[in-house]
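# Working through the structure, step by step
In case you want the letters, here they are:
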Amino acid sequence: MSSFALIVTTSPTDNKTYTALTFAQQLLADGHSIIGIFFYQDGVLNANQYVQAPSDEVNLYQAWSTFQKQSATPLHLCITAGERRGLTDSNEVAFSHNIDDHFTISGLGELVVLTCKADKVIQL
Amino acid sequence: MTILHIVRSSAFNDNKLELCLSIVTEHDSIFLIDDGVYNIAHPSLLKLLDRIEVFALTEHTNARALNIDNKKIRTADLSAFVALTDNAEKTITWQ
Amino acid sequence: MAITFNNQQIDTDKEGYLLNINDWSAELAPVIAAADNINLTEDHWQVVHFVRNFYLEYKTSPAIRALIKALKAEFGEEKANSRYLYRLFPKGPAKQATKIAGLPKPARCI
Amino acid sequence: MMSDQVKKYAIVNTSATFNKFNAKEALDAALILASYEMPVALYFIGDGVYQAQKQQNAESIGAKDFIATFKALGFYDIEDIYISADCLSQRQLATEFAFTDAKLVSKEEFAVRLNQADVILTF
């Protein structure tokens, strides 16, 4: 069994992101471990707690959040990539904190750490 | 020295498959997922089937109503995909 | 946020970084430095000018390791080590020297 | 936060300079990896070869001139830069690059070099 690090760069409106989620679930089901998932580029948008979907569609933001709750897999977010795309952890009046609590606010340094430690790195 | 090339887009739309094929070696394998599964009918891929091992993700071909008649293209489910990423020395994602 | 300087308002972010690098002048630098409790000496100026020129040429503020390597090429070993730089800029040369040089705040994740 | 292990990284650029934000975010990742003292090599293939061209003028179209940073990569110890000769000639491009040192390689050599990496990231 191996330890994996995943990198997700696609948004919650892209079905490729669902592929990444099911891949992560399958890894765990097959007995592998995931030391962390790093969300970069448009992938950071998955952390926006204001993402909504009609009730008969998959809400990827919620799906990641549930996945984190069930598996305790760290979901890291590049805050610089996030701020460019309207995500904020600021508590100033002008902003409204919109990053879901199940995501860990990180930087690219975490990408280095995760990819360096893991046996396998998969970009999805 | 094996690389698993994960191809996620259709070569009928962009050149990612072509880039992959320009550097793929005979020790490598190609795994088609997402819109990459449409490449099962692309001439550039068909040309290489005798030399390179090619897989397509069953869940994604089924979702897109694709039937694989070509015996040289192997089908694999998500769990088999996971196993292949684990066996490969490294992966490269073309998306 | 803003600094008042020569009867002019110069816009900064909340940490005191200039919003427009062209607002910078050698006269303004000591004012920015004073806000960080730094009294600019010749040694400070050397680094401040260096990071500003680095930015103007390469359009990025050097991270600490790159700064040290670049300084080494210009000024030699004794002025290009992190202990020396931290003595001049206690809160970190990449953060403080760039601020005094009027450069944009380095990205948060860096 | 230094990792005890060192891996060789390949950053593979397949996007043109201003295509989405891929080129800039690839460069950001490369610079951080280098700051953590990881060996990083840059690869340019497909439309990625457009990034390597000299004399681009990003600011004239409201883009950040991150191409200027390519000249500073030596200070980050990023010295292995490979450009696909095939993709370059296919696009009828000049061999005047924005890097001080870049190697023009055939697709065979590109594959061999890429194989030396432990982790490959594409942008």
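What comes next is a walk through the structure. (Residues numbered from 1 in each chain as written. Chains lettered and ligands numbered in written order. Predicted model: local features only at pLDDT ≥ 70, side-chain atom pairs only at ≥ 80, totals over all residues. Heavy atoms only, no water.)

## Examining the arrangement of the chains
By number of contacts, the leading pair among the 5 pairs of chains in contact is chains A and D. Structurally, chain B and chain C remain out of contact, their C-alpha atoms never closer than 25 Å. (Contact = heavy atoms within 4.5 Å.)

## Brief notes about the interface of chain A and chain D
Facing the 18 residues of chain A at the interface are 21 residues of chain D. For the pair chain A and chain D, the summed buried area comes to about 1600 Å², and 58% of that belongs to carbon and sulfur atoms. Residue Arg85(A) pairs with Glu25(D) through a salt bridge whose shortest N-O separation is 2.9 Å. Mapped by element, the contributors of at least two residues to the side of chain A that touches chain D are α3 (79–84), α4 (108–117) and β5 (120–123) of chain A. Looking at which element gives the most residues to the side of chain A that touches chain D, the answer is α4(A), with 9 residues. (Buried area = accessible area lost by both parts, 1.4 Å probe. Salt bridge = Lys/Arg side-chain N within 4 Å of Asp/Glu carboxyl O. Helix = DSSP H or I, 4+ residues; strand = E, 2+ residues; numbered from the N terminus.)

## A short note on the interface of chain A and chain C
Counting from both sides, the interface comprises 10 residues of chain A and, opposite them, 4 residues of chain C. Between chain A and chain C, the buried area comes to about 490 Å², and carbon and sulfur atoms account for 51% of it. Along the contact surface separating chain A from chain C lie 0 salt bridges. Along the contact surface separating chain A from chain C lie 0 residue pairs in polar contact (both at pLDDT 80 or more). Looking at the side of chain A that touches chain C, the elements with two or more residues in it are α3 and β4 (103–106) of chain A. (Polar contact = N/O pair within 3.5 Å; in protein donor to acceptor, adjacent residues only side chain to side chain.)

## What to know about the pattern of salt bridges
Summed over the entire model, instances satisfying the criterion amount to 23 salt bridges over all chains. Residues Lys59(C) and Glu59(D) are paired through a salt bridge, measuring 3.3 Å at the closest nitrogen-oxygen approach. Of this pair, Lys59(C) sits in the loop between α2 (42–58) and α3 (64–75) while Glu59(D) sits in the loop between β2 (40–44) and β3 (80–84), which puts the two residues in different chains. Overall, the relative accessible area of 48% leaves Glu59(D) in the partly exposed class. Close ionic contact of Asp65(D) with Lys59(C) constitutes a salt bridge, the shortest N to O distance being 3.7 Å. Of this pair, Asp65(D) sits in the loop between β2 and β3 while Lys59(C) sits in the loop between α2 and α3, on two different chains. For the pair Asp65(D) and Lys59(C), one class covers both residues: buried. (Buried < 20%, exposed > 50% of the residue type's maximum accessible area, 1.4 Å probe, protein only.)

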